[in-house]
Every structure is written in C-alpha cells, then in structure tokens.
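Chain residues, written in single-letter form:
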Amino acid sequence: MAAEAPSPSAAEEHKLPTPEEFTAVQESAEFGELRRSHRSFAFPLTIGFILWYLLYVLLSNYAGGFMGTELFGNINVALVFGILQFVTTFLIAWLYSRHAATNLDPKAEAIKTRMEGGA
C-alpha cells in the first residue's frame, strides 16, 4: 500500500519568493558573504588539487626513473603518489563537508528562512 501525501492544509505552507526578492537577496551583503566564504575555500583547494594531479601525471610521463624508485618491496613512488591522490580527494571532501556545515549551511539556512517568510 502506497503512503498518501499529506494534504496541503496539513503541510507547512511557505511563501514563494518573487523574482524581485531573489534579485534583492542576491545583491545583499549577506549573500555576498556566503558566496565569498564558499569561493575562498573551494577555489584554492580546487586549484591546489588540480596542480597536485598534474604534477602526478607529468612525473608519471617524464620522470619514469623517479616514479619507478622502489621505496620498500614492490612499492614504488608512483604507487604511493597514486594512493595519495585518493587520500587527497577524500580529505578535501571531508574538509569541505566540515566547512559547509559550520560556515555555509547556517548562513544559507538563514537566507532561505527569511525568503520563505519564516523570519
């Protein structure tokens, strides 16, 4: 048996913002601070990761001797760098998740609540 959707009267009603309200919020200092906070975190990490990845690719192509250097047993520099690519990816995702939860989400929720008429 499928669950029935709640009736519109039972659901919490939210006011839908007008295009003018969206424009006003987009031009507000609070929204500008939200975008600045996102950009100041995301852009440097993105650029850093791309450079790190390109370094890995370039070293793999042009520094075969270095990348083939055995560190211990059959583990060489190329394998360690490759694994570190995955570690870096997960680290960046975790850091961004923390940054968003502490810095971005509260600001975005305040803007959303105000636009929906909750504040």
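Before reading on, note that the structure itself is shown above.
Residues numbered from 1 in each chain as written. Predicted model: local features only at pLDDT ≥ 70, side-chain atom pairs only at ≥ 80, totals over all residues. Heavy atoms only, no water.

1. Examining the overall build of the protein chain
We apply this condition: The numbering of helices and of strands both runs from the N terminus, where a helix is a DSSP run of H or I of at least 4 residues and a strand a run of E of at least 2. In this scheme, a residue with accessible area under 20% of its type's maximum is buried, one over 50% is exposed, and one in between is partly exposed, where area comes from a 1.4 Å probe on protein chains only. The contact criterion used is simple: two residues touch if any of their non-hydrogen atoms lie within 4.5 Å. Under the convention used here, a 1.4 Å probe and the Shrake-Rupley method define accessible areas, while residue burial counts only the protein chains that appear.
Each helix and strand counted, the protein chain has four helices and two strands in total. Helices and strands in the protein chain line up, N terminus first, as α-α-α-β-β-α. Across the 119 residues of the protein chain, 15% fall into the buried class. For the protein chain, the share of sequence-separated contacts (at least 6 apart) that also reach a separation of at least 24 residues comes to 61%. Total accessible area on the protein chain stands at roughly 9,000 Å², and carbon and sulfur atoms take up 67% of it.

2. Remarks on the pattern of salt bridges
Note the following rule: Salt-bridge detection follows one rule: a side-chain nitrogen of Lys or Arg within 4 Å of a carboxyl oxygen of Asp or Glu.
According to the stated counting rule, one finds three salt bridges in the structure shown. Salt-bridge contacts for Glu-30 lead to Arg-114; the nearest nitrogen and oxygen are separated by 2.0 Å. Placement of the pair is Glu-30 in helix 2 (residues 29–62) and Arg-114 in helix 4 (residues 77–115), with a sequence separation of 84 residues. By relative accessible area, Glu-30 is classed as partly exposed at 32%. Connected through shared salt-bridge partners, Glu-33, Arg-36 and Lys-107 make up one network.

3. Digging into helix 2
Inclusion rule: What a helix should span is 1.5 Å times the count of its residues minus one.
Between its terminal C-alpha atoms helix 2 stretches 48 Å, which fits the 50 Å expected from 34 residues at 1.5 Å a residue. Of the positions making up helix 2, those classed as buried are Gly-32, Leu-34, Ser-37, Ala-42, Trp-52 and Leu-59. Against the buried residues of helix 2 lie helix 3 (64–67) and helix 4.

4. Remarks on the side chain of His-99
Note that His-99 resides in helix 4. Leave out the neighbours within four places in its chain, and His-99 touches Ser-37, Phe-41 and Leu-104.

5. Focus: the packing of aromatic side chains
Stated formally: Centres within 6.5 Å are what make two rings of Phe, Tyr or Trp a pair, Trp counting through its six-membered ring; a difference in plane orientation under 30 degrees is then read as stacked, over 60 as edge-to-face, and the rest as tilted.
Applying the stated criterion across every chain, the model contains three aromatic pairs. Look at Phe-41 and Tyr-96: their rings are 6.0 Å apart centre to centre, the planes differ by 45 degrees, and that puts the pair in the tilted class. Within this pair, whereas Phe-41 is found in helix 2, its partner Tyr-96 is found in helix 4, the two being separated by 55 residues in sequence. Judged by relative accessible area, Tyr-96 falls into the partly exposed class, the value being 32%. Considering the side-chain rings of Phe-66 and Phe-81, the 6.3 Å spacing of their centres and the 70 degrees angle between planes classify their relative orientation as edge-to-face. Taken as a pair, Phe-66 in helix 3 and Phe-81 in helix 4 lie far apart in primary sequence, 15 residues in all. Overall, the relative accessible area of 43% leaves Phe-66 in the partly exposed class. Overall, the relative accessible area of 17% leaves Phe-81 in the buried class. Through a chain of ring-to-ring contacts, the aromatic side chains of Trp-52, Phe-66 and Phe-81 assemble into a single cluster.

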